[in-house]
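Observations on chain architecture
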Amino acid sequence: MRKDEIAAGLAEVDQRIEEACRAAGRERQEVTLVAVTKTYPASDVRVLAELGVRDVGENRDQEAAQKARECADLPLTWHFVGQLQTNKVRSVVGYADLIHSVDRARLVGAISREAVKQGREIGCLVQVALDDDPERGGARPADVPALADEIASADGVWLGGVMAVAPLGEEPGPAFRRLREVALAVQERHPRATMVSAGMSHDLAEAIAFGATHVRVGTALLGRRKPFVR
């Protein structure tokens, strides 16, 4: 049964988070699991909610908007974790509680205007580029403090902290150490911006060791993804 499969995946991921927290000398409640449900049906989101998961991540607006509508009755926090184009901002602001991938001033302005229009308060994380691959998005570490200031002063949004994806083909530990330095620099200017979204199925332990407060897990929780068909 699907519920049994998801429950087993959730128990395993929880245990991994627990062990990583213990190894890092942290409390388990310091780390929030964001279940990334891209390519999976709304029925899986319902099962996760039944099992106590409250944070759900999506990275494609078309799929996410529909799923959020289908699950509007559930007590969920929706995280948009993918690259965000300005032409999708209106839709994403309609359902997302937190946007993890804010990496340029133009996007801050678009989210702010739309949030004010819709009467919403949207949490924003600055996505930090830990490599030089423009395809993966993110602001250069040197540009992050100014972008954080921009979010902090904009209407309709609040600054949550930072987010990053570990570079491909590189040990994640050193990358997450760099992210921690950027996160601390942001927190010096904005003490309440304590969120650090880092770590996925394969590298969550390293992320937790370097201060991740939110881990974004899909495959380890829900199994291998099927190809996404538009």
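Up top you'll find the structure we're talking about.
To keep things clear, this report deals only with the structure shown in the data block. If you're wondering where the values come from, they're calculated on a predicted model, not measured in any experiment.

**Examining the overall build of the protein chain**
When helices and strands are counted, the protein chain shows nine helices and eight strands. Relative to the 2.2 N^0.38 estimate, which gives 17 Å for 230 residues, the radius of gyration of the protein chain is 17 Å and therefore close to what a compact globule would have. Along the first, second and third principal axes, the C-alpha atoms of the protein chain reach 50 × 40 × 30 Å. The buried share of the protein chain, reckoned over its 230 residues, is 51%. Look at the contacts in the protein chain between residues 6 or more apart in sequence, and 59% of them connect residues 24 or more apart.

**Points about the pattern of salt bridges**
Applying the stated rule across the entire model yields 15 salt bridges. For Arg178, the salt bridge identified is with Glu170, shortest N-O distance 3.3 Å. For Arg178, a relative accessible area of 33% puts it in the partly exposed group. Among the ionic contacts, a cluster of salt bridges with common partners joins Arg2, Glu5 and Asp44.

**Re the packing of helix α6 (residues 144–153) against helix α7 (residues 172–189)**
Where α6 meets α7, the axes come as close as 10 Å, and the angle between the chain directions of the two elements is 40 degrees. Compared by their axis directions, α6 and α7 come out oblique. In this structure, the crossing between α6 and α7 has a hand that is right-handed. Where α6 approaches α7, its residues Val144, Pro145, Ala148 and Asp149 are matched on the opposing element by Val182, Val186 and Arg189. Within the contact of α6 with α7, the residues separate by chemical class into five nonpolar, no polar and two charged.

**Examining the packing of helix α1 (residues 2–24) against helix α2 (residues 42–50)**
Contact geometry of α1 with α2 gives a least axis separation of 10 Å together with a crossing angle of 60 degrees. One element, α1, and the other, α2, form an angle in the oblique class. Considering how the two elements wind past one another, α1 and α2 form a crossing that is right-handed. Mapping the contact onto sequence places Arg2, Lys3 and Ile6 in α1 and Asp44, Val47, Leu48 and Glu50 in α2. Residues of the contact of α1 with α2, tallied by class, amount to three nonpolar, no polar and four charged.

**Examining the side chain of Thr213**
With respect to the element layout, Thr213 can be found in the loop between α8 (204–209) and β8 (214–217). Under the relative-accessibility criterion, Thr213 is labelled buried at 14%. A polar contact of 2.8 Å, which involves the side chain of Thr213, links it to the side chain of His214. Setting aside residues no more than four positions away along its own chain, Thr213 makes contact with Arg26, Glu30, Val31, Thr32, Thr194, Met195 and Val196.

Parameters at a glance
Residues numbered from 1 in each chain as written. Predicted model: local features only at pLDDT ≥ 70, side-chain atom pairs only at ≥ 80, totals over all residues. Heavy atoms only, no water. Helix = DSSP H or I, 4+ residues; strand = E, 2+ residues; numbered from the N terminus. Rg over C-alpha atoms; globule rule 2.2 N^0.38 Å. Buried < 20%, exposed > 50% of the residue type's maximum accessible area, 1.4 Å probe, protein only. Contact = heavy atoms within 4.5 Å. Salt bridge = Lys/Arg side-chain N within 4 Å of Asp/Glu carboxyl O. Axes fitted to C-alpha atoms, helices over the stretch in contact; angles between N-to-C directions. Parallel < 35°, antiparallel > 145°, perpendicular 65-115°, else oblique. Left-handed = near helix turned anticlockwise from the far one by under 90°. Nonpolar A, V, L, I, M, F, W, Y, C, P; charged D, E, K, R; others polar. Polar contact = N/O pair within 3.5 Å; in protein donor to acceptor, adjacent residues only side chain to side chain.

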